[in-house]
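What follows is the residue order along each chain.
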Amino acid sequence: VEGGSQVLAYTVVLTRPPEEDVQVTASPASPKESALAAGAKGIVLGTAAAMILSNGSPRGVTLVFTKDNWASPQTVYVAAPDDLVAEGTKDYVVQHTVKQGASADDGGAYDKLKVASLAVKVADSDVAGVIITETQGSTVVAEEWPTAPFNEDTYQVVLAKQPASNVTIAIG
């Protein structure tokens, strides 16, 4: 939720030791120009969860892996700073680029390696909405299998904006 205390995180790690330092850059897509002109902020990235809403970068972060730390996961934190623009729910993409050594064109094993993008859904705190989040990214239950690990599942229901009065959500 935009401007909330929810900070998402993911980790990046290399699969083998590099010959030279490897830089992995995570860059979020910017909001549309019209949204930026209106004051929209999109998402920010950082390498520390504390203070990410004020210190995160809309341009992204670069992680550096060396021969000594290549197998240690490094964390990228993602947050959506509050703005006063009513945008509704928006999808943003975090893209990754990889460079080994001084140049991405010198033929290193990690140079220009394809890395999956990450999709981030932001619920705008300036527009009323209900957010339903599935545990583990999906909801799975098994029919008539009471002792199975799939006999129940949970999900979260959260409001995107503080309401002026009580809100009732009917489930069923």
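Above this text you will find the structure in question.
No experiment lies behind these values; they were computed from the predicted model shown. (Residues numbered from 1 in each chain as written. Predicted model: local features only at pLDDT ≥ 70, side-chain atom pairs only at ≥ 80, totals over all residues. Heavy atoms only, no water.)

Sorry if this is basic, but what is going on with a negative patch on the surface here?
Residues E19, E20, D21 and D106 make up a contiguous surface patch of negative charge. Mapped onto the secondary structure, E19 falls in the loop between β1 (8-12) and β2 (22-28). Since its relative accessible area comes to 60%, E19 is described here as exposed. (Patch = residues over 30% accessible without salt bridge, like charges linked within 9 Å, V, L, I, M, F, W, Y side chains within 5 Å. Areas by Shrake-Rupley, 256 points an atom, 1.4 Å probe, with all protein chains shown as cover. Salt bridge = Lys/Arg side-chain N within 4 Å of Asp/Glu carboxyl O. Lys, Arg positive; Asp, Glu negative; His and termini not counted. Charge placed at Lys NZ, Arg CZ, Asp CG, Glu CD. Helix = DSSP H or I, 4+ residues; strand = E, 2+ residues; numbered from the N terminus. Buried < 20%, exposed > 50% of the residue type's maximum accessible area, 1.4 Å probe, protein only.)

Could you clarify how one ought to interpret the environment of I52 in this entry?
Topologically, I52 is positioned in helix α2 (residues 52-55). You can call I52 buried: its relative accessible area is 3%. Considering only alpha carbons, one finds I52 and A79, 27 residues apart in sequence, at a separation of 6.9 Å. With residues near it in sequence (within four places) discarded, I52 still touches V7, V44, L45, G46, Y77, V78 and A79. (Contact = heavy atoms within 4.5 Å.)

Even after reading the chapter, I still don't get the sheet that holds strand β5 (residues 74-79), so can you show me in this structure?
Taking strand neighbours across the sheet as the criterion, the three strands line up as β1-β5-β3 in an open arrangement whose pairing is antiparallel. Each end of this open sheet is capped by a strand with a single partner; those strands are β1 and β3 (44-46). Neighbour-to-neighbour, the strand axes of the sheet open up by a mean angle of 25°, direction not taken into account. Inspection of the sheet shows β1 paired to β5 by five bridges, in the antiparallel sense. Residue pairing across strands places A9 opposite Y77, the latter belonging to β5. (Pairing = 2+ DSSP bridges. Axes fitted to C-alpha atoms, helices over the stretch in contact; angles between N-to-C directions.)

I keep staring at the environment of V94 and nothing clicks. Help me out?
As for its position among the elements, V94 is in strand β6 (residues 90-100). Here the alpha-carbon distance between V94 and V78, two residues 16 residues apart in the chain, equals 9.4 Å. Dropping the residues within four chain positions of it, V94 is found in contact with Y10, A26, S27, P28, I43, L45, S117, L118 and V120.

How do you make sense of the sheet that holds β2 when you look at a structure like this?
In any sheet, the strands associate via hydrogen bonds between backbone groups, in a parallel or an antiparallel arrangement. Across the sheet, four strands lie side by side as β4-β2-β6-β7; this open sheet has antiparallel pairing. Taken across any chain shown, the strands that pair with only one partner, and hence form the sheet edges, are β4 (61-65) and β7 (118-122). Each neighbouring strand pair of the sheet contributes to a mean axis angle of 20°, computed without reference to strand direction. Summarising the sheet, β2 and β4 pair through five bridges and their orientation is antiparallel. Across the sheet, the residue bridging to T25 is T62, located in β4.

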